[in-house]
Amino acid sequence: FLSSAFFVGGNGGPGVHRSGNVCASSSASHRFDSRMEVATTATLDVAPTLAVDSTQDLPKAANEADETKVGVLMLNLGGPETGEDVEGFLFNLFADPDIIRLPAPLTPLQSVIAKFISSRRAPKSRAAYESIGGGSPILKYSNAQADLVSKSLKERYDIDAKTYVGMRYWFPFTEEALESVRKDGINALVIIPLYPQFSISTSGSSLRVLQEEFSRSKDVWGEQKVVHTVVPSWYDRPGYINAMADLIRRELDGFTPEQIAEGTADGRQECARHILFSAHGVPRSYIDAGDPYQRQIQECVRLISEALPGEEDGVKVHLSYQSRVGPIEWLRPYTDDVLPELGEAGVKNLVVVPISFVSEHIETLEEIDIEYRELAEESGITNWRRCPALNTETAFIDDMADMVVEALSEPSQTVTEACVANNVGNLELQSVDGQAEIQSAGVGGVGGDSELRGSVALKEGERWNGRVAIFGVLTTILVELLSGKPITNLLGIHI
């Protein structure tokens, strides 16, 4: 990514050497070639050794640069920090055409509809945030992760890199983070969505914002100014897998001998301890259209499970999906269906693992810790434990730093290429069939676009099913508008 003859190493960190010069092409991966060999004969900040061919015809902007300035942009959803922020946060969600998509003649009403829904839903959503302290901690954890990754890069690799956090729906917005990147003169940018598994409704939604900004301001973000690379998913990284396994193992070890004995006392369960991986759900139509999310979740759970005690050790693994909303089909089985089933089957000792999230927020602290725990205990699961999110675990932070180093030394993948590779089509936000659509997907049930041009096209029958589902959502909104009565979890206010 950083040069055609580049060694990344230092201070005990692993070295990665790459040589050769592969010109940019239309393929999904290409080397970060002579365009960013910007230091003339000077050594890059990120590398103790750099060889530059002075005979190459470097672009003018590259020749004028004194050094390569590396930045790391970490993308996340965002959330209200106080109760006063809730309505504005919800307005941003519903004002997004990816959430509520209207026919072209009605697009001027987007803000009006967003204002109405957000004002109606704010009291209930505000109460949920009050139950976890008044606001979302997602920015606090994201900032801490960014700071620690920067320190790890310096301490372990002697790499000076500035880190930035860009949120999709609340401060600091992705656009604000990009402005900071520009002001700091960053010319080599590594982009990391803070979602281990790629979904068109989370990582894809955030990358879409970047793609639009990069296309709109090519004089600022063009390859002559800034070269970037994206790490679209990292669910199968050994460092991440081991960090997750360590956290889960601690919770498994927390069951007392008496609780373990209780787990098999009535003879209905051969395994005394159970693990439930609860992943965020997405609409089934996303998977049918080529979203890799479900496959990546299943593979991630398999890899983590292989690092844990198995059924021969009295531990059984389950997978479910949470946070479904609306009348359409979502990934199954649903967490709120699985918990009663486990209780009925005699499960007593359960560790719940929020597999889609790397920091605590409303869906771990309220939905899992309060709603699901209550449901589990009502279902007879007496010994409940919840695995914490990775947050600022040292092993996780160091693996994030390793990820940056690897991205700097490997073939690059642009935002557009990452979207295409993961079936995030329709970058112009145009409806495939011109119909009015309402989307409800992503973290918290919102944030994505289900209209995809990917390698797998929706069948005509599936498209009509989608239209029926859309009509159902529109009807739901109409009922609420006319009756004045809230409908539980309308459009996914679980963020």
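Let us look at the structure shown here. Not measured: the values here are computed from a predicted model.

Here is what the cut-offs are and how they apply
- The residue numbers shown here count from 1 along each chain, following its written sequence.
- Reporting of local features is limited, given that this is a predicted model, to residues whose pLDDT is at least 70; pairs of side-chain atoms are given and counted only at 80 or more, and all residues count toward the totals for whole chains, interfaces and linings.
- Only hydrogens and water are set aside; all other atoms, that is, all heavy atoms of the structure, feed into the side-chain values.
- Each helix corresponds to a stretch of at least 4 residues labelled H or I by DSSP, and each strand to a stretch of at least 2 residues labelled E; elements are numbered beginning at the N terminus.
- Between buried and exposed lies partly exposed: a residue is buried under 20% and exposed over 50% of the maximum accessible area for its type, with that area taken using a 1.4 Å probe on protein chains only.
- We call two residues in contact when some of their heavy atoms are within 4.5 Å.
- Accessible surface area values rest on a Shrake-Rupley calculation with a 1.4 Å probe, where residue burial reflects the displayed protein chains alone.
- Two strands pair if DSSP finds at least two bridges between them.
- Angular values range over 0 to 180 degrees, each being the angle between N-to-C directions of two axes fitted as lines to C-alpha atoms, with helices fitted over their stretch in contact.
- We define the nonpolar core as a collection of buried residues of types Ala, Val, Leu, Ile, Met, Phe, Trp, Tyr and Cys that are connected through side-chain atoms lying within 4.5 Å of one another.
- Any carboxyl oxygen of Asp or Glu within 4 Å of a side-chain nitrogen of Lys or Arg constitutes a salt bridge here.
- The handedness rule is simple: strands pointing away from the viewer, and a clockwise path from the first strand over the helix to the second, make the crossover right-handed.
- Each Phe, Tyr or Trp ring, with Trp reduced to its six-membered ring, pairs with another whose centre is within 6.5 Å; inter-plane angles below 30 degrees give stacked pairs, above 60 give edge-to-face pairs, and intermediate values give tilted ones.
- In this analysis the charged atom, NZ for Lys or CZ for Arg, is taken to sit over a ring once it is within 6 Å of the ring centre and within 35 degrees of the ring normal.
- In this scheme, roughly parallel covers angles under 35 degrees and roughly antiparallel covers those over 145, while 65 to 115 is roughly perpendicular and the rest are oblique.
- If you view the pair so one helix is near and one far, a crossing is left-handed when the near helix is turned anticlockwise from the far one by less than a right angle, and right-handed when it is turned clockwise.
- Polarity classes work like this: nonpolar for Ala, Val, Leu, Ile, Met, Phe, Trp, Tyr, Cys and Pro, charged for Asp, Glu, Lys and Arg, and polar for all others, with Gly in that last group.
- A helix's residues, less one, multiplied by 1.5 Å, set its expected span.

For the protein, the helix and strand inventory stands at 16 helices and 13 strands. Per-residue burial over the protein gives 57% buried out of 495 residues. Looking at the protein alone, contacts between residues at least 24 apart form 80% of all its contacts between residues at least 6 apart. A total accessible area of about 19700 Å² is found for the protein, and carbon and sulfur atoms account for 51% of it.

Along the chain, the position of Tyr 169 falls in the loop between strand E6 (161-167) and helix H5 (174-183). Distance from Tyr 169 to Gly 88, taken between C-alpha atoms, is 9.4 Å for residues 81 residues apart in sequence.

Strand pairing in a sheet is mediated by backbone hydrogen bonds. Such pairs are either parallel or antiparallel. Pairing in this open sheet of four strands is parallel, and the strands run E10-E9-E11-E12 from one edge to the other. Of all strands in the sheet, those bounded by a partner on one side alone are strand E10 (315-322) and strand E12 (383-386). Each neighbouring strand pair of the sheet contributes to a mean axis angle of 20°, computed without reference to strand direction. In the sheet, strand E9 (residues 273-280) pairs with strand E11 (residues 349-354) via six bridges, with the strands oriented parallel. Bridging from a neighbouring strand, Ile 275 pairs with Val 351 of E11.

Below, the discussion takes up the nonpolar core. Of all hydrophobic cores here, the largest spans 81 residues; its most connected members are Leu 153, Ile 191, Leu 207, Ile 304 and Ile 355. Counting residues per element, this core draws most heavily on helix H14 (residues 394-409), at nine residues. Setting aside residues no more than four positions away along its own chain, Leu 207 makes contact with Leu 75, Ile 191, Pro 193, Phe 198, Val 230, Val 415, Ala 418 and Cys 419. Ala 114, Ala 128, Trp 170 and Tyr 195 belong to the second-largest nonpolar core, a separate cluster that totals 17 residues.

With the rule as written, the count across this model stands at 21 salt bridges. The partner of Glu 87 in a salt bridge is Lys 115, with the nearest N and O atoms 3.3 Å apart. Residue Glu 87 is found in helix H2 (residues 86-94), and its partner Lys 115 is found in helix H3 (residues 110-130); the two are separated by 28 residues along the sequence. Through salt bridges with shared partners, a single ionic network connects Lys 154, Asp 158 and Asp 160.

The sheet contact formed by E11 and E12 spans four bridges and is parallel. Paired with Asn 349 across the bridge in E12 is Asn 383. Assessed by its sense of winding, the connection that carries the chain from E11 through helix H13 (residues 362-378) to E12 is right-handed.

This part takes up the packing of aromatic side chains. Using the criterion set out here, one finds seven aromatic pairs in the structure. Between Phe 214 and Trp 221, the ring centres sit 5.4 Å apart and the planes meet at 35°, which makes this aromatic pair tilted. The pair Phe 214 / Trp 221 is uniform in exposure class, with both members buried. Counting every residue linked through ring pairs, the aromatic cluster contains Phe 89, Trp 170, Phe 171 and Phe 173. Directly above the ring of Tyr 141 sits Lys 140, whose terminal nitrogen or CZ lies 4.8 Å from the centroid. We note Arg 385 situated over the ring of Phe 255; from NZ or CZ to the ring centre the distance is 5.7 Å.

Moving on, we get to the packing of H2 against H3. Axis separation between H2 and H3 bottoms out at 7 Å; the angle between their running directions is 135°. Relative to H3, the element H2 lies oblique. Our pair here, H2 against H3, has a crossing hand that is right-handed. Touching Val 86, Glu 87, Phe 89, Leu 90, Phe 91 and Phe 94 of H2 are Gln 110, Ser 111, Ala 114, Lys 115, Ile 117, Ser 118, Ser 119, Arg 121, Ala 122, Ser 125, Arg 126 and Tyr 129, all from H3. Each residue belonging to the contact of H2 with H3 can be placed in one class, and the counts come to nine nonpolar, five polar and four charged.

What follows deals with the pairing of E11. Within E11, six of the six residues are buried, which leaves it mostly tucked inside the rest of the structure. Alternating positions in E11 separate into two faces, Asn 349, Val 351 and Val 353 on one and Leu 350, Val 352 and Pro 354 on the other, with burial throughout.

Taking 1.5 Å of rise per residue, the 20 residues of helix H4 (residues 138-157) would be expected to cover 28 Å, and the 28 Å separating its terminal C-alpha atoms lies within 8% of that figure. Listed as buried for H4 are Ile 138, Leu 139, Tyr 141, Ser 142, Gln 145, Ala 146, Val 149, Ser 150, Ser 152, Leu 153 and Tyr 157. Looking one or two places after H4, you find Asp 158, whose phi comes out positive at around 55°.

One open sheet holds the four strands; their spatial order is E6-E4-E7-E8, and the pairing between them is parallel. In this open sheet, the two edge strands, each paired with only one partner strand, are E6 and strand E8 (227-230). For this sheet the average axis-to-axis angle between neighbouring strands, irrespective of direction, equals 20°. As paired strands, strand E7 (residues 188-193) and E8 are joined by four bridges and run parallel to one another.

What follows deals with unusual backbone geometry. For the bond running from Phe 171 to Pro 172, omega is -10°, close enough to zero to count as cis. Tracing the backbone through its elements, the reader meets Pro 172 in the loop between E6 and H5. Of note, the bond from Arg 332 into Pro 333 is cis; its omega dihedral lies within 30 degrees of zero at 0°. Of note, Pro 333 is situated in the loop between E10 and helix H12 (335-344). Phi at Asn 391 is positive, roughly 50°, even though this residue is not glycine. Position of Asn 391 among the secondary structure elements: in the loop between E12 and H14.

Remember that the coordinates give geometry; whether it matters functionally is a separate question.
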